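# A look at the structure
What follows is the residue order along each chain.
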Amino acid sequence: MSKETCGKLVFPNSHSMAKLRVCFHHYKLLLFIVMFCQSASSSTSLSFGFYTFSCPTAEIMVKNTVRTASFEDQTVPGKLIRLIFHDCFVEGCDASVLLQGNGTEKTDPANKFLDGFSVIDSAKRVLEVFCPGTVSCADILALAARDAVEFSGGPSIQIPTGRRDGRSSLAANVRPNIIDTSFTLNEMAKVFSSKGLSLDDLVALSGAHTIGSAHCNSFNERFKLDSDGKLTLIDKSLNGQYAAQLTKMCPAGTRDDSIKVNNDPGTPLQFDNQYYKNLLEQKGLFSSDSALLSDERTKSKVAEFANNQDSFFESWGASFLKLSAIGVKTDKEGEIRQSCSMING
């Protein structure tokens, strides 16, 4: 029997080359992690294994919660991934999107359809039993999103922990900081740059649209039907046959919030590189998706990810590390909430 590990490789036959490619991917990601740690600010207290002594099974408890929730509802991973984007892009990764109350981020119309909160709450309840007052909601959210990718078939990565929970949450901070589905590449690049993210990060993190779903009003401005039922493409970057399929699912002018369309029509529950293959066929659901293929600055990276899933996974891991470290609060900058939906005391 052959024995292959990333620490010691034994290659009795050609089939082991696949293992070599996987291990090479792991080594490259490890190298990025080392560089990531070295480049972090000395004032930042994020670290790998932050809960090793204070709550050794913290990550396992979060992972088990996400696993159970994902088994019961296959749409959970997409919800959790979307949740971390909406948290980290607004005031940093501080779980401010979880806070309830008048005028909080959660009340902004852009966050109307956010979901997955119950999964975070469930993990928090378990952690408060075994490690009271120890694990932040911000860390739980970051770990849950990380695990959601893995349980959907995506890469398994390590992320540092030690985030603290924010004490404020304002709806007014949402719109200036998140990506709208109608954005141009320049508009997206401006927001990403303000978060310390590059165009390559933009392309890689857009791959989150390989799972999840969207409501009709986020894309139905790209086409229209006349009184005779004839389809007219408003956005010429959209595949006509795909647009015709979308009109059947989203009748013109529909306001029905119960209608949702899969971001990826091919493998909607699988975290893979199908999203980029869709883009090459002009089947990006949002205008912001199609913009990645229309601009020379990002077109080649789209093609690379479409043709090489390992390359996408590697880039996703590196970009997710950066995403989950945006504007984190550490040490005395925040708190460890007792309940993720409200600040302490």
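Residues numbered from 1 in each chain as written. Predicted model: local features only at pLDDT ≥ 70, side-chain atom pairs only at ≥ 80, totals over all residues. Heavy atoms only, no water.

### Things to note about the overall build of the protein chain
- Per the secondary structure count, the protein chain includes 12 helices and 4 strands.
- Within the protein chain, buried positions represent 48% of all 345 residues.
- Of all intrachain contacts in the protein chain linking residues separated by at least 6 positions in sequence, the fraction that spans at least 24 positions is 73%. (Helix = DSSP H or I, 4+ residues; strand = E, 2+ residues; numbered from the N terminus. Buried < 20%, exposed > 50% of the residue type's maximum accessible area, 1.4 Å probe, protein only. Contact = heavy atoms within 4.5 Å.)

### Remarks on unusual backbone geometry
- Located in the positive-phi region is E91, a residue other than glycine, with phi close to 65°.
- With respect to the element layout, E91 can be found in the loop between α3 (76-88) and α4 (117-130).
- Backbone geometry at A95 places phi at a positive 60°, although glycine is not the residue there.
- By the secondary structure assignment, A95 is in the loop between α3 and α4.
- In this structure A95 comes out as buried when scored by relative accessible area, which is 0%.

### Here we look at the packing of aromatic side chains
- Tallied over the entire structure, the rule returns 13 aromatic pairs.
- Consider the rings of F271 and W316, whose centres lie 5.0 Å apart with planes at 65°: the pair is edge-to-face. Here F271, found in the loop between β4 (260-262) and α9 (274-280), pairs with W316, found in helix α12 (residues 309-323); they are 45 residues apart in sequence, far enough to count as distant. One exposure class covers both F271 and W316, and it is buried.
- Connected via pairs of aromatic rings, a cluster forms that spans F271, Y275, Y276, F305, F312, F313, W316 and F320.
- K106 extends its terminal NZ or CZ atom over the ring of F117, reaching a point 3.9 Å from the ring centre. (Phe/Tyr/Trp six-rings, centres within 6.5 Å; stacked < 30°, edge-to-face > 60°. Lys NZ or Arg CZ within 6 Å of the ring centre and 35° of its normal.)

### Notes on the state of the cysteines
- In total, this model carries 4 disulfides according to the counting rule given.
- Each sulfur of the disulfide joining C216 and C250 lies 2.0 Å from the other. As the torsion about the S-S bond is roughly -75°, the C216-C250 disulfide counts as left-handed. Of the two residues, C216 sits in the loop between β1 (213-215) and β2 (223-225) while C250 sits in the loop between α8 (240-249) and β4, which places them 34 residues apart along the sequence.
- The exposure class assigned to C216 is buried, which follows from its relative accessible area of 3%.
- Given the relative accessible area of 1%, C250 is considered buried. (Disulfide = S-S within 2.5 Å.)

### A word on the confidence of the model for the protein chain
- Confidence in the prediction for the protein chain averages 88 pLDDT; 86% of positions are at 70 or higher.
- Counting contacts from residues 1-24, a segment whose pLDDT is below 50, to residues more than four positions away or on other chains yields 16 contacts.
- Residue range residues 33-43 is modelled with pLDDT below 50. Its contacts to residues more than four positions away, or to other chains, number 10 contacts. (pLDDT = per-residue confidence, 0-100.)

### What to know about the pattern of salt bridges
- Scanning the entire structure with this criterion turns up 16 salt bridges.
- Between D73 and K79 there is a salt bridge whose closest N-O contact spans 3.5 Å.
- Residue classification places D73 among the partly exposed positions, given a relative accessible area of 28%.
- Ionic pairing is found between D295 and R297, a salt bridge with its closest N-O pair at 2.9 Å.
- Judged by its relative accessible area of 43%, R297 is partly exposed.
- Among the ionic contacts, a cluster of salt bridges with common partners joins E59, K63, R146, D147 and E150. (Salt bridge = Lys/Arg side-chain N within 4 Å of Asp/Glu carboxyl O.)

### Points about the side chain of S311
- Positionally, S311 belongs in helix α12.
- Leave out the neighbours within four places in its chain, and S311 touches E304 and F305.

### Some points on the packing of helix α2 (residues 58-72) against α4
- Two numbers describe how α2 lies on α4: the axes approach to 9 Å, and their chain directions differ by 145°. For the crossing formed where α2 meets α4, the hand is right-handed. Residues A58, M61, V62, T65, V66 and A69 of α2 form the contact with α4, whose participating residues are V119, S122, A123, V126, L127 and F130.
- Taken together, the residues of the contact of α2 with α4 break down into 10 nonpolar, 2 polar and no charged. (Axes fitted to C-alpha atoms, helices over the stretch in contact; angles between N-to-C directions. Left-handed = near helix turned anticlockwise from the far one by under 90°. Nonpolar A, V, L, I, M, F, W, Y, C, P; charged D, E, K, R; others polar.)

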